[in-house]
Amino acid sequence: MDRAQKAEAVAELKQTFQETGVVVVTRNLGMTVAQSTALRIRMRDAGARYKVSKNRLALIAAEGTPYANISDLLTGPTALATSSDPVAAAKAVVDFAKTTDKIEIVGGAMGDTVLDANGVKALAELPSLDELRAKIVGLIQAPATKLAQLANAPAAKLARVVGAYAAKEEA
């Protein structure tokens, strides 16, 4: 990797660190190409990114960003999982780690807050941003639906009573 490629990699990582909501640091323990591809596909489906980068370049890129405090986590063969949704990257990595022993969750960071492996796992248990939005819409919509049902109920009962008397008189 020449100097220009390193500068480009640092600039790309710096932009990622500035735009992301969470960074999860993982340690690769001999993943096969198929496993790595499966993880990248799972990350892409979750709206996250998974990138293997040189630790030194990641440290340089993290300087001046909220993720400068992850320097202690970047030792050995590491990779970075990032996403703008604070839960997506953690959830995808934790789910993948349950299926194989070739990846280890080292820790991560959410803004200035450094997370250990248990913190990342706890973050993965939270509902995603889309799930929270759906719940909020459901909560907002539920009272309106119930009001409409209550408003229609007396008229429906009255129609059934009138229908019953009409059927009784015909018989």
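Residues numbered from 1 in each chain as written. Predicted model: local features only at pLDDT ≥ 70, side-chain atom pairs only at ≥ 80, totals over all residues. Heavy atoms only, no water.

Asker: Would you explain the packing of helix α2 (residues 33-46) against helix α4 (residues 88-99) in this entry?
Answerer: For any two helices packed against each other, the geometry is given by the interaxial angle and the distance between the axes. With their axes 9 Å apart at the nearest point, α2 and α4 run at an angle of 150° to one another. Crossing hand, α2 versus α4: right-handed. On α4, the residues touching Gln35, Ala38, Leu39, Arg42, Met43 and Ala46 of α2 are Ala88, Ala89, Ala92, Val93, Asp95, Phe96 and Thr99. In terms of residue class, the contact of α2 with α4 is built from nine nonpolar, two polar and two charged. (Axes fitted to C-alpha atoms, helices over the stretch in contact; angles between N-to-C directions. Helix = DSSP H or I, 4+ residues; strand = E, 2+ residues; numbered from the N terminus. Left-handed = near helix turned anticlockwise from the far one by under 90°. Contact = heavy atoms within 4.5 Å. Nonpolar A, V, L, I, M, F, W, Y, C, P; charged D, E, K, R; others polar.)

Asker: How should I be thinking about the sheet that holds strand β4 (residues 103-110) in this particular structure?
Answerer: Strand pairing in a sheet takes place through backbone hydrogen bonds and is either antiparallel or parallel in direction. With respect to topology, five strands assemble into an open sheet ordered β2-β3-β1-β4-β5, the strand pairing being antiparallel. With partners counted over all chains shown, the strands left at the sheet margins are β2 (48-52) and β5 (113-116), one partner each. If you compare each strand with its neighbour and ignore which way they point, the axes differ by 20° on average. Of the pairings in the sheet, the one linking β4 to β5 comprises four bridges and is antiparallel in character. When the sheet's bridge partners are listed, Gly107 is paired in β5 with Asp116. (Pairing = 2+ DSSP bridges.)

Asker: Would you take a moment to explain the packing of aromatic side chains for this structure?
Answerer: Two measures describe an aromatic ring pair: the distance that separates the ring centres and the angle between the ring planes. Under the criterion given, the structure shown has one aromatic pair. Centroid distance Phe17 to Tyr67: 5.9 Å. Interplanar angle 35°. Geometry classified as tilted. Residue Phe17 is found in helix α1 (residues 3-19), and its partner Tyr67 is found in the loop between α3 (55-62) and β3 (78-83); the two are separated by 50 residues along the sequence. Pair check on accessibility: Phe17 and Tyr67 agree, each one buried. (Phe/Tyr/Trp six-rings, centres within 6.5 Å; stacked < 30°, edge-to-face > 60°. Buried < 20%, exposed > 50% of the residue type's maximum accessible area, 1.4 Å probe, protein only.)

Asker: I tried to follow the pattern of salt bridges on my own but got confused; where do I start?
Answerer: Two side chains of opposite charge can pair, provided their charged atoms sit close to one another. Summed over all chains, the structure comprises three salt bridges. Glu12 is paired through a salt bridge with Arg49; the nearest N and O atoms lie 3.3 Å apart. Of this pair, Glu12 sits in helix α1 while Arg49 sits in strand β2, and the two are 37 residues apart along the sequence. For Glu12, a relative accessible area of 34% corresponds to the partly exposed category. Measuring nitrogen to oxygen at the nearest pair gives 4.0 Å for the salt bridge that ties Lys51 to Glu12. Of this pair, Lys51 sits in strand β2 while Glu12 sits in helix α1, and the two are 39 residues apart along the sequence. Its relative accessible area of 29% is what places Lys51 among the partly exposed residues. (Salt bridge = Lys/Arg side-chain N within 4 Å of Asp/Glu carboxyl O.)

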